[in-house]
Each structure stands twice: as structure tokens, then as C-alpha cells.
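Commentary on secondary and tertiary structure
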2 protein chains.
Amino acid sequence: MVMPSPLPLLTCCLLTTLASAQSNSRELNLMPLPAAYRLGQGQLSVDHHFFVTLSGYKEPRLDRAVQRFLHALSRQTDGSDPSPCIGTCVGLGVHTGHASKPLQELGEDESYTLDITPSGAILNAGTPLGTLHGLQTFLHLVQATPTGYAVPAVSIQDRPRFPWRGLMVDVSRHFMPIDSLRLTLDGMEAVQLNVFHWHLSDNQGFRVESKKFPKLQSQGSDGHFYTQSEIRGFIAYARDRGIRVIPEFDVPGHCTAIFAAYPELASGPGRYQIERQWGVMDPAMNITQEHTYTFLDALFGEMAALFPDQYFHIGGDEVNGKQWDTNPAIQKFKQSHHIKDNAGLQAYFNRRLLKIVTAHGKTMMGWDEILAPELPKSIVIQSWRGQQSLADAARQGYRGLLSNGYYIDLMYPASQHYAADPLSGPAAALTPEEKRRVLGGEATMWTEYVSPENLDSRIWPRTAAIAERLWSPPNTADVNSMYRRLKIISSQLDSLGLTHNSHYIHELERLAGSTDIEALKVLADVVEPVKEYTREQTAPYPATSLTPLNRLVDAVSPESDAARTFNAEVDSLLSSPAPATMADLRATLTAWRDNDAELQPLLQSSFLLKQDTVLSTTLAQLGATGLQALDYLEHNQPAPADWKQSQLAILEDAKKPKSQLLIMVAPAVQRLVERKPSTAK
Amino acid sequence: MVMPSPLPLLTCCLLTTLASAQSNSRELNLMPLPAAYRLGQGQLSVDHHFFVTLSGYKEPRLDRAVQRFLHALSRQTDGSDPSPCIGTCVGLGVHTGHASKPLQELGEDESYTLDITPSGAILNAGTPLGTLHGLQTFLHLVQATPTGYAVPAVSIQDRPRFPWRGLMVDVSRHFMPIDSLRLTLDGMEAVQLNVFHWHLSDNQGFRVESKKFPKLQSQGSDGHFYTQSEIRGFIAYARDRGIRVIPEFDVPGHCTAIFAAYPELASGPGRYQIERQWGVMDPAMNITQEHTYTFLDALFGEMAALFPDQYFHIGGDEVNGKQWDTNPAIQKFKQSHHIKDNAGLQAYFNRRLLKIVTAHGKTMMGWDEILAPELPKSIVIQSWRGQQSLADAARQGYRGLLSNGYYIDLMYPASQHYAADPLSGPAAALTPEEKRRVLGGEATMWTEYVSPENLDSRIWPRTAAIAERLWSPPNTADVNSMYRRLKIISSQLDSLGLTHNSHYIHELERLAGSTDIEALKVLADVVEPVKEYTREQTAPYPATSLTPLNRLVDAVSPESDAARTFNAEVDSLLSSPAPATMADLRATLTAWRDNDAELQPLLQSSFLLKQDTVLSTTLAQLGATGLQALDYLEHNQPAPADWKQSQLAILEDAKKPKSQLLIMVAPAVQRLVERKPSTAK
């Protein structure tokens, strides 16, 4: 085996910055893009004799990482296991400077350099965390070339922009099997996210085995919980991938599942059952009785030992105070303690909770409602209500992270999340010192409408765009480049076994009860679930956690690639009417116009699809409208005013939700009718 | 919970036979089709309150089967877990008569009846084996209807035609991870196969941990072997699914991997290495020395204890005798023992092996070469060289099973395997008693060109057609019906996590090094790997077990659905020239003609695809030829003789393999040119 000789560490002046690299047509196929890189000449072959050597600091985690790297490499290339080198082989020399912290900490060195030349590659990292990231970068650079699998010659000097790059998964509203979450960790590693925030307790379920309070899982989980042994295994799996695991136990609201086990903790009387509905509920802990603190001290003590990370999330959001207001003892307590309102009461609770969390050696964090001047600067605020609260917190000396803008449950496109920058908006005016208090951000996967079946397609690939926002320099902001690379990382995530792409066809077949789904796919490809919180408002009947998630809205992607492509083609035609674009659009619109006739029998054959009848006829109408608009365009005729008026009325209706879905091509058809190109860049 | 009242067992006179059922437009969407069934009126709703009750004989395996059933039901329907019944619920009452054998045996009762009415369903089985099959049948009947998920009202009386319905997987030529094989078992359960034949040892690897001879795995497996603990877990997993596990240790040929560990067992001198090539090799055990029998007695003793099944497969195929002929001691042994040829020598070996296998309590089986008059009638012959040997064996009093015709590695279409009947051809003339000696058959998945990546697509869905041949009555033979139902079971197998469908796009993306694969897919959809053993003959360089399986030939399906559809459309046009068919064919042929221009840049960009250049240009030519033929047809013109001659020359060339692939639409284009409908029904 030939060990490539070490290259000198790159100095910064050799490197182009990202902004100039992006104007290079040879932009790297990476997401996230590295902090800085310079393309070289030629490429390094990666065949099945390719090898990896480890030097410097060593630990079993690095050996496992290399094994995983080689296995992923083989899946990504020839599907065979690497075989021993015979003759001259090339490879990747990995040098790790020293150990990382025994328990992964916020702000550890995650940087690395990767130098690839035609004769070998060197990955240099201060700690195993950087090594893990560098291996992922190398892996994603591998591609088929005319002469074999290879990585381009390049010098990369990389480090994350923010030290806290997270994904929260809510396993209370819908329980997610531990295997699905391990796959989620695999995906997170691939895009270099480093915090898994586990929303373990809410009204709909308490999901952790407690040995001190076993009724929590026996009465509060429907039998769907993680054993402590599973959790320990999961944390070890995450650590192997450079990911911290933060538990969240949401108190004093959002804990009806706890009350189902221990009703005496609540502020209102009566038995409690696991909540099946969504939304802000009245039940809240009685935070004026000592028993509540005795319970929390014991429970959090047990959980603090189970979850080794320094940070401990206590939720703290959305307490409506109704149970407090109607409990005379609590009212009396407020008076006797001179607490003037419920916010004050919650601040009192948080001060006491802080003592408990601190006594168990943890740093407390919570949603932005917990921010109150009485709390010490050590706590961390997770901003979900807006960027303002993050900026306010930083100005007051608190550390915080952004989740507002990263709510992937709201079904917004990747571009919208990509535009949300933790240091933009109100945070842009912060001083450098205040800015350093902005630790990063977290995508939040709330699971009201997410099942184990579609978890992957709700998280991926959009979360990769958020990962890039949190890792790459702020000027990494070209949306077209982002979408080009998002498609590539999405396919690479397939290799890990994530099902965001592969499951789609299967879901359509299940809906159809048939394998003849071509017409259904034509429709499904151009629709998206309704946005924000309109799914509740557009529901034909009140949904609960027991309502099956088995409609077209649950199968389609949060973001329609076909619609984005169509929108771009319409804009291209309106700015310069090329015949090829005209022909393409005509073919697409014709297919939509004619699809309904083929699809209707299938829609009528399945109770799951019958509700999509109007959706399908509307798409046919959009096809017809678009074709007529193209005719006028092609013959350089102005569209008759009455035609235009009638079509615009149709279009207004077409843009409204139908069976909780939006036809995403309607606005572009409208632009064809109005002959107005999109104002969006 | 409402328990449906038991229905009387069906009597045969109430049931239509399969032949008449097939003419019914309401044919069941099942594969294999049941032995007999009668459709009723209406349907039984299956919502998420659906429940299952067990009565009669109970054991933990049945509880697990019901859990698995409910989980599969939820995946197949709404993706949610079943919730407790509130109010009036309907369900499936399962009654099992008595236990099956502690160790699953050949010929146990696997029958069941399933009666579904709108008010409930009853599954009745003599043993848990029948219960397992009946649950699968119920599961596959569930479909989306206009009023909800439901199963049709039907009375099924089912039992397998043959007691031995197997799948052999060769894990020597390419090692398959145990998880992949568990998924294979899941698929086998779905199509009611009941024997997993594990080809564990061959020239290319010995794949079992031996505690007595640890060099077998350390020297003979490249580190790719199953631990005894893994094997025990695998056997338990199979038993839960009504599947027996038969190990095969191929001797005295096909065991170079054993010689790599213990060269003294071979007939020729020298050190041995794990074989990397395919084919019949010279090395064979020295079966004239006592040491060989001492070794086999110890090894088979260990393996007989590890694999509890009654049957033990000793291979015995393809000994070319060259090492025996050149070993003077062996020649001397033959003379002194009056053995006249190598067949006699192997018969001597088999007699001694039989004693060893019998002493360890097992029934010996082997490939048809082991058939020799000296062996007792207890052995079982697996016929791979032709149906004649199976009939001969049965006539001589031996039990046997058919594999000839079920070699799924040879890339033949499902219809061809479907046509192979263990009791047809030479076996048709057997007496009823002789016919009973034909136990069934086994699909054989030899893995020269199969990796863990494409194992699923090589086995599924074609093996489902073989499963039906072995389960259903012999008159279940309608090929159109088979293909219609094969598509459905293929999609149902997806639900288990098998990747025969989902992996295809991913493989194309990997080949392309890009996600823009539409043009590549147009080509890939109409080609199939070369058939029989021509892959060796058409290889650009000698392939070994280390050669990556990463070409288009490894990604495409063994059977092109698109080509079958095209062929049928051409035949339809030639027998009655409907304008819609004409338009369809024209669109398809135009797409093929124009595809090459789009595809060539991609082909040139990847070393894996460059070799497919001619394949793509040939498809374009076929498109052009077909379009011209359609023009003549449409205008009722005879095609000019010289045009026809030139096109037929082109077509002859188009039908030849290119980069180890066949363009499966060439024959149909030829029929268009010649205006001759296919003679096939």
C-alpha cells in the first residue's frame, strides 16, 4: 500500500472564497458547500482498490467511521466490498490531531482540510469530528467520469459557520420507530448536522421508559416508547456520527400524557387521557404545589443521567393559563407570592426548574416563552415565534438558536428555509459579541401529519438546504445552485436507505390499490400539501392522532419539482419565446388537459382518491387554459378581454386548496394568461 | 369485540374450480391463486379498528404472526397502527386445529379455508402452517374500494399442490448479508414458499462459522461468513414464517474454498486459494483417503447439529475428474477396489457419505449427478440437468424435485418458468405413485452476477410465478392473468422492504453519476441482460468474483415490462389496425428514435455507460425502422422489397447482444416490417 506523502496545510491566500467559486462552472456537487475551496487540475481515481489509512490520534470510533465510509463508497460506486490492494493503489490518508471531548460539547473544533490531487488525498482534522465531516465530503465528491469513478482535484478548507446545527423530531404526536430515527441520524451525518433534538413528551405521548415512574410509559404512551437500553444505543449511534442528542420534556404545558399517568400533577381536577387532538390545550402542571417539584426533580434526575449531553430542554411553550385561572389554590398562591400574572407564574416555575436542572449538572434550554429577566444568562433560548425574540435574547446576553423559518412541518419550499438566516433580519444589527450568542438553528419536524411512512419525505431533502444555511458562509445563497445540488444530495441520501424518493411510487400504488398509476402520478407530481397551519382549517373532519395519514396529501412531496420546472419554463417563454420551450410547454399542458379522462375511473374506484375528483378536473382546466394562452402567444394575438377575465376567475378558484392540496402550476398558468413573467429572480 | 360466528367448513361441491374462476372477470388478485375459491356478494371492510382473534391451538409463533399481519396490514392500508376497537368492530377469527411438528417436516398439513363475508371472516387451518398461509392470503386481498379498504366476500379452500416449494440462494459466489436473506424469507412467506435452500459452500467461499474447523471461515471466506448464532436466529426467523432451512455443503467438487483452508483434502498437490473465477474447476476432494471421511464426519456432525432440518444437501455436481485422473494413488485405489470409472468413484464416495449423513440423523439429498442404483431410496434428487432425470429417479423409486426450468439466474422471463411443471414432459407418463415421489421444485438463485444490491431484482417478482406453479392447480396456466397478478404481488412485496422495484432508479442514477436519467431510463426500460450462460461469452474481459457488478446489465430488470407491452401492442395492431394503437406505437417509436441524441452526452460522460453507445444508436434505428413500417401500414402500401431487405439486415444485427444486453423490442419491430403477428398466444 502506498501512503501519499503529506501535503502542507493550505494557507488561506491560496483559496478562492465561495462567492468566486460559485461563478466557476465547475462548482462542487456538495451540500453543504465548504467554507472555502480551490479546484485543481485532474482527478483522483477511486476504484475498488482504493484505501484509507488513519494516522495521528486514533480511537475505535474512527475505525468504525472508515468502515462505514468504505461501505458507503461501495454502495455509491460498484456495489462490491473493497478488496485488498494489489500493485499500486491510491488512497486517502486521514490524519486526526487529537481526541475530541469525551462527551461531545457545543463549540468543539469541527474543521478539516481535504486536499485531493491525482496521486492521492489527505484529510487533516484537529479532532475526530472534523474527520467525520471530511469523510462525508470526500464521499459526496465521488462520481462516475469517462475514465472511472473519481473525485476532482480540489483543496478544501472547511469549518461550520454555526456550532449548533440541529434537527428536532417530535415523537409524541406520532411515535417514530427507533430504526427510522437511526436512518435520520445517517442523513444528518451526510449533511453535517450535529444536534438531534428529541421532543420526547407532549400531550399525545410520553415516549421514554422511566424506571422511577413506570406509569409514564404504561399509561402515557399507548405502548409506544423507547426503552432506556434503546436510548443508550441510539446516543452511541449518534456519537459515532458526531451528533449530540438533546432530550426535551415539555413542561408545564404540553404534558397531558404525563397527567394520564399522574393526574395529581395537573392544575385541574379529574382523570386525564392521552390527548388525541392537536393544538394548545388547557391542562398545565400545578406549579404551586411542592409535590410537582419533587416529581420533576426525580424524573429529570433520572433523565439527566440517561441523556449525557450538557443541555436539557424543558419546553415551556404555549401555556394558555386556563387551568391556573380556575384553580382557587393557584390564585391564592399568586396573591400570597405577589405574582401578578401567569407569565410571572411561569417565570417562578422556570426559576425553580432551573435549580433542579442545574442540580443535575445540566444547562437548561427552552422555547422562547421561557425568556424572562430573572433567569441567568446560562440558559439557551430556542426561538420559534420569530427572529425578533432571538435578537432580543442575544442583546440581553442570552444564547439562542433559530427555529422560526425552519419549521419543515409547514410544507414550505426549500428556498424559503434557505433564505432564513439566523443572523439576518432583527439579528443583523447585533454587535459581533451579541452575534456570537446566536449558536445556530434547528429544523423542527413536528409530526401532527407525519407517520413513520412519510417521515423521510417530510424531512428530506429540504433539511439539507437548512444544513447548508447553518454550515456554509452566508453568501452561499444562489437558489438555482441550491436546487441543483439538492437533487444530488437527495439521491445520495437514497443510498443510506432513506425512502423520501423511493416511497412515493409505492404510496401512489397503495392509494390506487393498483399498479397502474401513471395518470395519478401526473396529478400528484404537480400538487403540494396546503401550507402553514391550513391543514386543520381545510380538513373535512377533525383530525386526531388516530386518523390515518393515507390520503394523497400524505403521499405527495412537500415541494413539487415538476411545478418548479414548469414555472421556470413559463418565465423563460415569456421573456424569450423559443420554439423548443413552446413545444415543451404545449406537450406538458396537453398531458394535463387529457389526464383527467384517464384518471377519473381510478379516482372513483378508491375511497381514498374520490375526494381528489375536483383536483383532477381543475388540472385539466389549467391545461386547456394554458394551451389557449399559448395559441394567442404563438400567433402574436392579444387575448380577448372577456376570455382573459373568465380565465382569471377560473384561475383564482384553481389556486384554492382542494382536498388539502394546492395545484402548484396554477400561478404560472396565470402568468401565461396575463403574459407577466414572475418577478421572482 | 364481536367475534363472527363460525361458518361451516366448505364442501367441495360449492366451489368453482380454478379454471372456471379464471373466466370470471372478478378473478382474485392473488399469487399464488388458491386451489379453489368461490366469490360471494359484497365485501368486508378493513379499517383501523379491524381485529384478529385466535382460537383453538395457540403458540407464541401464532401471536407473532398476528402482530406481523397487523403491522403489514397497516403498511398496506393507512400506515397507522391498529387501535383498540370502540363500538362495533369487524374482524378475522382465526382457528388453528392443533400444533404442527416441533421441527417443521416435509409434507405437513399446510391447508386452510378462508371464508369472508360482509360481517366477518373466518380462517380455519389444521396447523399453524395453514394459518400462516391463510393470513398471507387475507393480507393480499385487501384493497382500496370506493367505500374504504376492504376484502371481497369469498370462500377459499386452499392447499399446496406440492409439499416442497423452495428457493435456493448461492451465498458463495457472492456473499449476501443476513439481513438481505431475512428480507428474502419475508418475500418467500408472502408467496407461500416453504423451503430455503442455502448453498453455503462452493469454490468461491465457505460461509459458515465452524468451531471445529475455524480455518474454514478464516481461510475460506474472505471474512464473509455467518456466525452460528446468526444462523440459529435465521432458522428461527424462517420457522416463524413456515419455512424450512436446508443447508448445502457441495462435495466432492465445488469445494476449493475448503481446500484453501485444508489443502490436504484435495486430490491434487499444492496450496489452494479461494477461487475467483466461475465454472467447473479441476480441484476435487481426495475421496480415497480415510482422512477425508474423518473430516467430513466431524464437519457434517457439527453442521447437522446446527441445522435442525431433516434434510442435508451434499451437492455432488460437476466433478470433472481431472485431479482424480492425475493422482496415482487414486488410480491405484480404483484398480484395487474394482471401480471402473470416475462415476463409480463418486458413487463409492456417496455411499460412504450417506453413512455419515445418516449417522448424524439426516436424510441426504444432492444434485442429480448423485443418482446411482447403489444408493437407497431414502435419498432425494434435485434435478438441474433436465426433467428426464427427475422422471427417471421417480421411476426408480427415488423422491426428487425439479430445478431445471427454475434457474432464475439465466434471466428468462417469468412466463418461461411458469410453463415449467414438475409433472409435465417426461414426468407426465409417470404412474400416480411415481408422481407422488415428485416433491415439488426449487428456484435457484446462482449468484455469479448477483450482488447484495441487485439480489432482490434477480429473485423478485419472477420467483412469485414459480411459487404459483408449485402451489396452485396445474390448470392455473393463463399467462396474461399471471402477468397481471405478478405486477400486483410485486408491488405488495415492495411493502416488505424488498428493493426489486425501488432500487432501479437509484441504480440508473449511480450509473449516470447524475439525477437526470430520463433518457437513460428510456433505453434501460427496453433491454434485458443476455440469457442462459452467454454473459461469460459476451464479456469484454474475463469476469471474476471481484469484478464489480456495476454496469447497465446489472441494473436493468431481467424482464422488460415495456418490451412485453410493446410486443403485445404490435400484435394487436397487426391483427386489427386500430387508430389508437397506431398512435400509441408511433409515439413510442418516435421517443426511441429521438432518445439517442439526448442520451449520448451522458453515455460519454461515464466510463460505466460509454460501452452502451451502440445499444442506444441501435434503439434509435429501431425507432426509425418501426416508424417507416407504420407509414407503409397506415397508407396500406406494400413496403418496397429493397427497403424491407435492408431493414431485416439491420434487425438481425439489432437482435445481437450489445454490452451484454438485448434490445427486447427488436423482434416486434421485425414483425412490423414483415407484417407477421407473433405466433405465440
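Described below are features of the structure shown in this document. (Residues numbered from 1 in each chain as written. Chains lettered and ligands numbered in written order. Predicted model: local features only at pLDDT ≥ 70, side-chain atom pairs only at ≥ 80, totals over all residues. Heavy atoms only, no water.)

So, about the overall build of chain A. Across its full length, chain A holds 26 helices and 18 strands. For 681 residues, the compact-globule formula gives about 26 Å, and the C-alpha radius of gyration of chain A, at 27 Å, lands near that figure. Considering only C-alpha atoms, chain A reaches an extent of 80 × 70 × 50 Å along its principal axes. Within chain A, buried positions represent 61% of all 681 residues. When the accessible surface of chain A is summed, it comes to about 25,200 Å², and 55% of that surface belongs to carbon and sulfur atoms. One way to put it: in chain A the 61 positive side-chain charges average out to a point 5 Å from where the 73 negative ones average out. (Helix = DSSP H or I, 4+ residues; strand = E, 2+ residues; numbered from the N terminus. Rg over C-alpha atoms; globule rule 2.2 N^0.38 Å. Buried < 20%, exposed > 50% of the residue type's maximum accessible area, 1.4 Å probe, protein only. Areas by Shrake-Rupley, 256 points an atom, 1.4 Å probe, with all protein chains shown as cover. Lys, Arg positive; Asp, Glu negative; His and termini not counted. Charge placed at Lys NZ, Arg CZ, Asp CG, Glu CD.)

Our focus in this paragraph is the pattern of salt bridges. All names here are of chain B. One pass over the full model with this rule turns up 72 salt bridges over all chains. Linking E105 and K101 is a salt bridge whose minimum nitrogen-to-oxygen distance equals 3.4 Å. Its relative accessible area of 40% is what places E105 among the partly exposed residues. Residue R241 is joined to D186 by a salt bridge in which the shortest nitrogen-to-oxygen separation is 2.9 Å. A residue pair is termed long-range when its members are at least 10 positions apart, and R241 in the loop between α6 (228–240) and β11 (244–251) and D186 in helix α4 (residues 178–190) qualify at 55 residues. When its relative accessible area of 7% is taken as the criterion, R241 is described as buried. For D186, a relative accessible area of 13% puts it in the buried group. (Salt bridge = Lys/Arg side-chain N within 4 Å of Asp/Glu carboxyl O.)

Expressed as a screw operation, the relation of chain B to chain A combines 0.0 Å of axial shift with a rotation of 180°, fitting to an RMSD of 0.0 Å. With respect to symmetry, the two chain copies, as superposed, fit the operation of a two-fold axis. Relative to the rotation axis, the C-alpha of S502 of chain B is the closest in chain B, positioned 2.7 Å from it. Most of the interface of chain B is mirrored in chain A, where 100% of its interface residues again form contacts. (Least-squares fit on C-alpha atoms with pLDDT ≥ 70 in both. Contact = heavy atoms within 4.5 Å.)

Attention now moves to the packing of helix α10 (residues 328–336) of chain B against helix α11 (residues 342–359) of chain B. Residues and elements named next belong to chain B. At a closest axis distance of 11 Å, the pairing of α10 and α11 adopts a crossing angle of 85°. Judged on the interaxial angle alone, α11 and α10 are roughly perpendicular. On the side of α10, the interface is formed by I330, F333 and K334, while α11 contributes N342, L345 and Y348. The residue makeup of the contact of α10 with α11, split by class, is 4 nonpolar, 1 polar and 1 charged. (Axes fitted to C-alpha atoms, helices over the stretch in contact; angles between N-to-C directions. Parallel < 35°, antiparallel > 145°, perpendicular 65-115°, else oblique. Nonpolar A, V, L, I, M, F, W, Y, C, P; charged D, E, K, R; others polar.)

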